[in-house]
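Listed below are the residues making up each chain.
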Amino acid sequence: MATSPGSDVVFASQKSVPSESLRTKKLPLTEEEVFYMNCRAAYLTVFKSSLENIISKDQLYLALQHAGRNPSQRTVNKYWTPQTAKLNFDDFCVILRKEKPTSKAELLKSFKQLDVNDDGCISHTDLYKFLTKRGEKMTPEEANTVINLPDVNANGKFDYIKFCKLYLTTSGQCLKTALEKLQVDSKLRRQQFGSHMEEGPERDLSPAPKPSPRILRKSDQEAFSNKGDAGASVLSTARKFKASVSCTISMAANGNRNSKLMEPNLKDWPCVQSRGCFFLEDDGETVSHQYRMHIAQSSMVHLTIKPLNLSQVEGKASPWLSVDTALYILKENENQANLQLICFTELRNREVFGWTGELGPGVYWLIPSTTGCRLRRERKPVTEEAQLVCRDETGELFLTQAFRAALSDIFEVIDLDGNGLLSLEEYNFFELRTSGEKCDEDAWLLCRENFDMKKNELTRQGFMDLHLMEANDREGDPRDLWVTLHSMGYSRALELTEACPFVIDLHAERCKPRMKAVRMEASRGQLEKATCQSVLLKGEARAMDGYENILIYTHSWDFRITSVIENKVCQHVMPRSEQQEWTHRCVYSLVP
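Conventions and cut-offs
- Residues numbered from 1 in each chain as written.
- Predicted model: local features only at pLDDT ≥ 70, side-chain atom pairs only at ≥ 80, totals over all residues.
- Heavy atoms only, no water.
- Pairing = 2+ DSSP bridges.
- Helix = DSSP H or I, 4+ residues; strand = E, 2+ residues; numbered from the N terminus.
- Axes fitted to C-alpha atoms, helices over the stretch in contact; angles between N-to-C directions.
- Core = buried A, V, L, I, M, F, W, Y, C linked by side-chain atoms within 4.5 Å.
- Buried < 20%, exposed > 50% of the residue type's maximum accessible area, 1.4 Å probe, protein only.
- Contact = heavy atoms within 4.5 Å.
- Parallel < 35°, antiparallel > 145°, perpendicular 65-115°, else oblique.
- Left-handed = near helix turned anticlockwise from the far one by under 90°.
- Nonpolar A, V, L, I, M, F, W, Y, C, P; charged D, E, K, R; others polar.

### Quick notes on the sheet that holds strand β20 (residues 547-556)
Strand order in this open sheet of four strands is β19-β20-β21-β22, and the pairing throughout is antiparallel. The open sheet is flanked by β19 (540-544) and β22 (568-573), the only strands paired with a single partner. Sheet twist, expressed as the mean angle between neighbouring strand axes with direction ignored, is 25°. Note that strand β21 (residues 561-565) and β22 share five bridges and pair antiparallel. Paired with Thr562 across the strands is His572, a residue of β22.

### Details of the nonpolar core
Judged by nonpolar contacts, the single largest core of 84 residues is most densely connected at Ile410, Tyr427, Phe463 and Leu485. Ignoring sequence-local partners within four residues, the contact set of Tyr427 consists of Leu422, Cys439, Trp444, Leu458, Phe463 and Leu466. In terms of nonpolar packing, the next biggest core, distinct from the first, is built from 23 residues, Phe35, Tyr36, Trp80 and Phe89 among them.

### Notes on the packing of helix α3 (residues 57-66) against helix α5 (residues 89-98)
Here α3 crosses α5 at 55°, and the two axes come no closer than 11 Å. One finds that α3 runs oblique with respect to α5. Here α3 runs over α5; the crossing is right-handed. In contact with Leu60, Ala63 and Leu64 of α3, α5 contributes Phe92, Ile95 and Leu96.

### As for the environment of Ala41
Tracing the backbone through its elements, the reader meets Ala41 in helix α2 (residues 31-46). Look at Ala41 and you get buried, because its relative accessible area is 1%. The spatial distance from the C-alpha of Ala41 to the C-alpha of Ala63 is 9.6 Å, given a sequence separation of 22 residues.

### Focus: the packing of helix α14 (residues 424-434) against helix α17 (residues 479-487)
In the contact formed by α14 and α17, the axes pass within 9 Å of each other and the chain directions differ by 105°. It follows that α14 is roughly perpendicular to α17 by the angle criterion. Residues Phe430, Arg433 and Thr434 of α14 form the contact with α17, whose participating residues are Val483, Thr484 and Ser487. Its residues assigned to classes, the contact of α14 with α17 shows two nonpolar, three polar and one charged.

What follows is the structure, given as C-alpha cells:
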C-alpha cells in the first residue's frame, strides 16, 4: 500500500527561530520565494505532504488548477505520458515555470475570433459547434455545462467578457484559498517542500530544482502554447468552476483488523432465522426484503447477516459470497413512517456482519443493505445460452438438469423461513419479483389441486412442476421462463450474477424474538436515511473549500469507506482484495 509521510516533519538543519518571526522583522519575500510559496500552497491542497508523489493524470490536473493554471488535456498529456509513473514536487515546480497563467488579453483574443458581431457575445449555436468540433473537442454534456453557466449566458448568447472576468477571479481564488490554508496550518510551514526548506530571507535560496528524468524528454524542450485555443480554454475553465476537498484514508489488510465480531454464548438464547435476497435492477439500484422484528422485553440481542450459501458446482466459485451485507436496525415509534436509527452491523467475522447489544421492548425494522461495490451488472458476454427445456423420445417436455438446479436454488432463496416449503406469503414475494402480481387465495387453491403441497404450502417438487406446466403452456417456448430467471438475477448461462441471497439470524437472551419479511423495496428512502445517519454519527466532517456550509462526512469501517454530502450517500468504497493494505484517495468537487 502507498503510505503518506507525516506532515509534521522537523529537520535538523532548520533554525531554532521560527521563520515566520523572521518574516515579520526582516525583508519582504522575493519573487522567487513567492513562486515557491505558491507552488507549495497548490501542492498541499491536493497532498498531505510535498514528499508525496503525483501518481495520476487527474492529480496533476487538479494541482495545476489550484496553482491558478488553465491546463488543457493537451497540456497535461505533455507532462504525463504513457511512460510516466509519478512526478515529484520539483517536477511540479518545473511545470509551473513553463506553464504561465493565462492573461485576460489572451483569453479575450481566443474568444474574439467567434464574435461575428463584435458585441462581446457568441451565439450558443456557434459556441456549441466550436466546442464540440474543433480543437480539444468537448462532449455534448461538457459543452452544455459551459452554455448553462450562470451569469455569463442570456438570450441564447454567451458573454465571453464576463466569462473571462469570472475565470480570472476563480483562478485567483483557487490560489488564494491554497495560500490561506498553508498559512493557517503551522505544521505545513514546518515541513520540507521538495528540495526547499522554509527559512528566513537571509538564507540563500537553493538553485532551481532539477526535474526528475521522468520529465526530461525532447518534447519538453519544445515551446508549446494552447492560449490561442478557445476550446481548450473554455473546457478547462468550465471544469475549474468548482470547489473541492481532498481525502486520503489508509486501511489495513483483512488479517490486521481489530474490530472482529465476537459471538456471545448463545447456547440457551431463543433464535429465529429468515432468508432474503438483494436483487440488482436495470438502473443499478438494489431491491431487497425488509423485516419487522418484535422484542417482548428488554434483552441482549445478537443479530447477524451473511450471504446464503446455495448449492455450488464443484470447482466453481459463487460470486455473491463475496458481496458485503449489512443490517440497519430502526425502532418504530408512533407509526411506520417515524423510524429511529438504533444501530447497524458494523462488525464482521469473515462473511458474517453482526451487532450485539441490548434492545428495549418494542417493534423494530431490519433493513438489509449492500454497498453495490461487489454486486454489479454482469458485463461478461455469454457465449452460449443454457437450455431450459427439452423433449424426450415421445415428444414430452421436461426441464433440463441445469434448469432444475437453478429452480432448486431459487426455491431455497424464496423459502424465507427455511422449512422446505413455500407459504402463500413467501410465494407472493417471488410472484411480485417476477411478474409484479400477487397470487390470491383462489389461485392458491388451484395450485393445491394441481401441484404437490403439504399443510397448504408448496413443496420443492410442486415448484418444479409449476414451471414445467408453464413450459407446456408455451409449447416449449422458454421466453417467459427467462423473464423469471432474469428477474431472480440469473444470466443466460444460468449463473446467479445479479443477486445476492442472504440469511439473517436473530438471538435474544430473555425472550423469544419474532421476525417477518413484510415488503421488498429499493435501496432508498429509509435505508438511505439510515445510512446517512450512521455516517453523520461516526464520520469525520470536512468542508468544501470556499463553501464552509457544505460538509462531507466520511466514515471508514474495517471493510469499507462511505461518504455523505447534503444527506445523500455519494459513494461507497471497498478494496478489490482485502488481503492487502489499501489507500483511498478522493477529491470531492462542486460544479455549479
